[in-house]
Amino acid sequence: FYFVMELLEGADVAERLKRERSLPINDSLAIAHQVAEALAAAHQNNIIHRDLKPENVFLINHEGTSNFVKVLDFGIAKSLQEEKVRLTTPGMAMGTPEYMAPEQAAGRDSDGRADVYSLGAILYEMLSGKKPITGNNLMEILTRKATEDPVPIASLRPEVSAHVADLVTRMLARSP
């Protein structure tokens, strides 16, 4: 058996954030918009990604467009129609803690809104250069995620419009 994948030349958002710390607002919004479109297509087919993070958002040049997004690694994706086949043990959290929705981090059932939370965390980081919730270890991150809201994006990057700041806040809501 073998697995054939598209050869991509470019960099993921994590690599770009390492180089630039935060991204221009217009770039951040354009990237987030494309990721949202990809998630909408997956969600329409009853698939949730469950591990969306900067490393899984790949940027390429495509037909003269820089920052063309390819969403990668649906490795722990879950079909919402697969009732009989469980990809995880009940009560087990799967994903990357800093980008994982609180309900997902708690091991509860999650749906497409968990991907929206993850996209909000990526957008927050692209705009501010910081993860919305951090900690010294896994348990601290998960506890803070369940009990604390991130520092408002506008206080970290004042030039972000109120509309965008409100959008990020809603995407990062602790309640689905």
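Structure's up top.
Residues numbered from 1 in each chain as written. Predicted model: local features only at pLDDT ≥ 70, side-chain atom pairs only at ≥ 80, totals over all residues. Heavy atoms only, no water.

K.L.:
Just to check I follow, could you spell out the environment of leucine 142 for this structure?
P.N.:
Following the sequence through the fold, leucine 142 ends up in helix α5 (residues 138-147). For leucine 142, a relative accessible area of 17% puts it in the buried group. Separated by 37 residues in the primary sequence, leucine 142 and alanine 105 have C-alpha atoms spaced 6.3 Å apart. (Helix = DSSP H or I, 4+ residues; strand = E, 2+ residues; numbered from the N terminus. Buried < 20%, exposed > 50% of the residue type's maximum accessible area, 1.4 Å probe, protein only.)

K.L.:
Even after reading the chapter, I still don't get α5, so can you show me in this structure?
P.N.:
An α-helical segment advances 3.6 residues per turn. Residues three or four places apart therefore align on the same side. All of the buried residues along α5 are Ile141, Leu142 and Lys145. Projection of α5 onto a plane perpendicular to its axis shows the buried side chains occupying an angular sector of 95°, all on one side. For α5, the secondary structure elements touched by its buried residues are α3 (102-105) and α4 (112-128). One side-chain oxygen at the N-terminal end of α5 lies 3.1 Å from the backbone nitrogen of methionine 139; it belongs to asparagine 137. (Arc of directions from axis to C-beta. Contact = heavy atoms within 4.5 Å. Polar contact = N/O pair within 3.5 Å; in protein donor to acceptor, adjacent residues only side chain to side chain.)

K.L.:
Mind showing me how you'd approach the pattern of salt bridges here?
P.N.:
Pairing is possible between side chains of opposite charge, provided their charged atoms come close. What the rule picks out here adds up to 10 salt bridges. For arginine 16, the salt bridge goes to glutamate 20, with nearest N and O atoms at 2.7 Å. With arginine 16 and glutamate 20 both in helix α1 (residues 13-20) and four residues apart, the pair spans about one turn of that helix. Across the pair glutamate 159 and arginine 157 runs a salt bridge whose closest N-O atoms are separated by 2.9 Å. Look at arginine 157 and you get buried, because its relative accessible area is 13%. It is possible to trace a salt-bridge network through shared partners that takes in Arg16, Glu20 and Asp27. (Salt bridge = Lys/Arg side-chain N within 4 Å of Asp/Glu carboxyl O.)

K.L.:
How should the nonpolar core be read in this particular structure?
P.N.:
The tendency in soluble globular proteins is for nonpolar side chains to be buried as a group. Core analysis: the largest hydrophobic core is formed by 30 residues, its most contacted members being Ile31, Val35, Leu52, Val57 and Met126. Of all the secondary-structure elements, those providing two or more residues to this core are α1, α2 (25-44), β3 (57-62), β4 (65-71), α4 and α7 (162-171). Per element, the largest residue contribution to this core is nine residues, and it comes from α4. Sequence-distant contacts of valine 57, that is, excluding residues within four places in its chain, are made with Ala11, Asp12, Val13, Ile31, Val35, Leu52, Val69, Lys70 and Ile122. (Core = buried A, V, L, I, M, F, W, Y, C linked by side-chain atoms within 4.5 Å.)

It is worth stressing that arrangement in space is one thing and function is another; only the former is reported here.
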